[in-house]
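Letter by letter, the chains look like this.
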Amino acid sequence: MPTNDRITVVGAGQMGLGIAHGFAVAGHPVVLVDVSEGQLEKAKTAILGIIDEGVKRGKVDAAMRGQVEGGLTLSKDLAAASAGADLVVETATENLKIKLDILKTAADAAGEDAVIATNTSALSITELASAVNNPGRVIGMHFFNPVHKMKLCEVIRGLQTTDETVTRTRAWAEGMGKTHILVNEAPGFTTSRMSAMLGNEAMWMLSEGVATAEDIDTSLRLAFNHPMGPLELGDLTGWDTRLSVLHYLHQTLGEKFRPCPLISKMVKAGRYGRKVGHGVYRYEDGQKVPGSGLRPV
Ligand SMILES: NC(=O)c1ccc[n+]([C@@H]2O[C@H](COP(=O)([O-])OP(=O)(O)OC[C@H]3O[C@@H](n4cnc5c(N)ncnc54)[C@H](O)[C@@H]3O)[C@@H](O)[C@H]2O)c1
């Protein structure tokens, strides 16, 4: 896939910044879109921060900073940013209405040949494609957090996704250095379905007083060799996103995905996780504060 393919990334949160970073490092011109100016600036600082860290550790060439800074444009105008794009990757808040609106505007503004991808964690690609005039070009491109460290891109085909769209999408993922797997649309695909189940069960155990947050996380890390525990992972994902995913899986796959009420409480309290500095654990300067695990009452 030529590196001059133009990429538009919509949503400059923790995933959007990582996806924009990945495409920019791979040599693509990237436009990053958000409704919030502050979020766009924060994302740009974070993208350059990832590069600076890589340079400091001797893993990234110092010239990369200039390449990425030169190739990255910030925008609040979705239609203008989508015009001329070869690929639009939607990665805004996990909400069906927001995503349908974005996909429609982006697809109307981009050329007929542009691929329209979504980084949704669980929603139906087929349903999202219904907003788009040529639904064969809509596909799931599911990345993982933090995008620059996680090697997988789960490619999800909806009912009407064409073979050509799948081939082009796999090539873009490969150009970013990702391993890609192909999944036929199902709620939560392979990854979110498993991690939502695990994280929900860990929250049930925490709320039942089975063990402390720290001990639940340690059990998965040391007994099963997971790199992080399910509560730490929920903090990284964001409990707001996790709750939206669980609601959707509960609706589509049934009772086994009923969200633990403790997750709803956390979201009501604004304790979304690392991105706000407080979730199951508290974070200072990006580091987990020892002994800060939630003790439910
Ligand atoms: N966090 C994860 O671990 C993870 C992993 C894979 C996929 N995802 C999915 O990625 C998407 C984004 O998740 P996130 O963790 O980056 O969330 P986030 O809360 O960090 O960021 C969401 C961003 O979307 C922006 N936004 C909202 N409405 C918008 C609109 N109409 N137009 C443009 N931007 C808009 C918000 O301003 C915010 O900056 C969700 O669909 C989520 O399910 C998340």
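Definitions and cut-offs
Residues numbered from 1 in each chain as written. Predicted model: local features only at pLDDT ≥ 70, side-chain atom pairs only at ≥ 80, totals over all residues. Heavy atoms only, no water. Near = heavy atom within 4 Å. Polar contact = N/O pair within 3.5 Å; in protein donor to acceptor, adjacent residues only side chain to side chain. Areas by Shrake-Rupley, 256 points an atom, 1.4 Å probe, with all protein chains shown as cover. Helix = DSSP H or I, 4+ residues; strand = E, 2+ residues; numbered from the N terminus. Nonpolar A, V, L, I, M, F, W, Y, C, P; charged D, E, K, R; others polar. Domains from an automatic or database assignment. Axes fitted to C-alpha atoms, helices over the stretch in contact; angles between N-to-C directions. Parallel < 35°, antiparallel > 145°, perpendicular 65-115°, else oblique. Left-handed = near helix turned anticlockwise from the far one by under 90°. Contact = heavy atoms within 4.5 Å. Buried area = accessible area lost by both parts, 1.4 Å probe. Salt bridge = Lys/Arg side-chain N within 4 Å of Asp/Glu carboxyl O. Pairing = 2+ DSSP bridges. Core = buried A, V, L, I, M, F, W, Y, C linked by side-chain atoms within 4.5 Å. Buried < 20%, exposed > 50% of the residue type's maximum accessible area, 1.4 Å probe, protein only. Lys, Arg positive; Asp, Glu negative; His and termini not counted. Phe/Tyr/Trp six-rings, centres within 6.5 Å; stacked < 30°, edge-to-face > 60°. Lys NZ or Arg CZ within 6 Å of the ring centre and 35° of its normal.

## Quick word on the site of the ligand
Taken together, 25 residues form the shell around the ligand, and within it Asp-34, Glu-94, Lys-99, Ser-121 and Thr-237 come nearest. A distance of 2.6 Å separates an oxygen atom of the ligand from a polar atom in the side chain of Ser-121. Side-chain polar atom of Lys-275 to an oxygen atom of the ligand: 3.1 Å apart, as the coordinates give it. Here the ligand has 840 Å² of accessible area as a free molecule, and 86% of this is covered by the chains. Contributing elements (two or more residues each) for the shell around the ligand: helix H1 (14-25) and helix H5 (96-109). Per element, the largest residue contribution to the shell around the ligand is three residues, and it comes from H5. For the shell around the ligand, a count of residues per class yields eight nonpolar, 13 polar and four charged. Per-domain counts for the shell around the ligand show at least three residues from each of domain 1 (7-184) and domain 2 (191-287).

## Looking at the packing of H1 against helix H2 (residues 37-56)
Contact pair H1 / H2: the axes reach a minimum separation of 9 Å and the direction vectors enclose 50°. Taken together, the axes of H1 and H2 lie oblique to each other. Classified by chirality, the crossing of H2 by H1 is right-handed. Mapping the contact onto sequence places Leu-17, Ala-20 and His-21 in H1 and Ala-43, Ala-46, Ile-47, Ile-50 and Ile-51 in H2. In the contact of H1 with H2, the residues fall into seven nonpolar, one polar and no charged.

## Description of the domain arrangement of the protein
Reports often express the size of an interface as the amount of accessible area lost when the parts come together. Splitting the protein by domain gives domain 1 (7-184) and domain 2 (191-287). The centre of domain 1, based on its C-alpha atoms, is set 25 Å off from the matching centre of domain 2. Listed as interface residues are twelve residues of domain 1 and, on the opposing side, nine residues of domain 2. Taking both sides of the interface into account, the surface hidden between domain 1 and domain 2 amounts to around 890 Å²; carbon and sulfur atoms contribute 56%. Of all residues in domain 1, the largest losses of buried area upon contact with domain 2 belong to Gln-14, Glu-94 and Ala-122, amounting jointly to 44% of the total for that side. In this structure, the connection of domain 1 to domain 2 is made through zero salt bridges. Between domain 1 and domain 2 we count seven residue pairs in polar contact (both at pLDDT 80 or more) in total. By residue class, the composition of the side of domain 1 that touches domain 2 is five nonpolar, five polar and two charged.

## Some words on the sheet that holds strand S6 (residues 138-142)
Reading across the sheet, the eight strands line up as S3-S2-S1-S4-S5-S6-S7-S8 and stay open at both edges, with mixed pairing between neighbours. The open sheet is flanked by strand S3 (72-75) and strand S8 (179-184), the only strands paired with a single partner. Strand after strand, the sheet turns through a mean of 25° between neighbouring axes, direction not considered. Two strands pair when backbone bridges link them, and strand S5 (residues 115-118) and S6 are joined in this way by three bridges, in the parallel orientation. Bridged to Thr-118 within S6 is Gly-140. Its contacts with the sheet place H1 against strand S1 (7-10), strand S2 (30-33), strand S4 (87-90) and S6, and it is angled at close to 170° to S2.

## Re the nonpolar core
When a protein is soluble and globular, its nonpolar side chains tend to lie buried together. Counting 46 residues, the largest nonpolar core has Met-203, Leu-206, Leu-231, Trp-239, Ile-263 and Val-280 as its most contacted members. Among the secondary structure elements, those contributing two or more residues to this core are S2, helix H4 (78-82), H5, helix H6 (125-129), helix H8 (191-207), helix H9 (213-224), helix H11 (239-253) and helix H12 (261-268). Examining the composition of this core, we find that six residues originate from one element, H11, more than from any other. Contact partners of Met-203, with chain neighbours within four places excluded, come to Leu-231, Trp-239, Cys-260, Leu-262, Ile-263, Met-266 and Val-280. One finds Ala-20, Val-30, Leu-87 and Val-166 within the second-largest nonpolar core, a separate group that totals 34 residues.

## A closer look at the side chain of Asp-34
By secondary structure assignment, the location of Asp-34 is in the loop between S2 and H2. Buried charge without a partner: Asp-34 forms no salt bridge, and the closest opposite charge is Lys-76, 8.5 Å away. Separated by 2.7 Å, the side chain of Asp-34 and the backbone nitrogen of Ala-12 make a polar contact. A distance of 3.0 Å separates a polar atom in the side chain of Asp-34 from the backbone nitrogen of Ser-36. Not counting the four nearest positions on each side in its chain, Asp-34 is found in contact with Gly-11, Ala-12, Gly-13, Gln-39, Leu-40, Ser-75 and Lys-76.

## Thoughts on the side chain of His-28
Examined against the element boundaries, His-28 turns out to sit in the loop between H1 and S2. Once you skip the residues sitting within four places of it in the chain, His-28 turns out to touch Pro-2, Thr-3, Asp-5, Ile-7, Phe-23, Gly-71 and Trp-172.

## A closer look at the packing of aromatic side chains
Tallying each qualifying case throughout the model produces zero aromatic pairs. Between the NZ or CZ atom of Lys-288 and the centre of the ring of Tyr-281, over which it lies, the distance is 4.2 Å.

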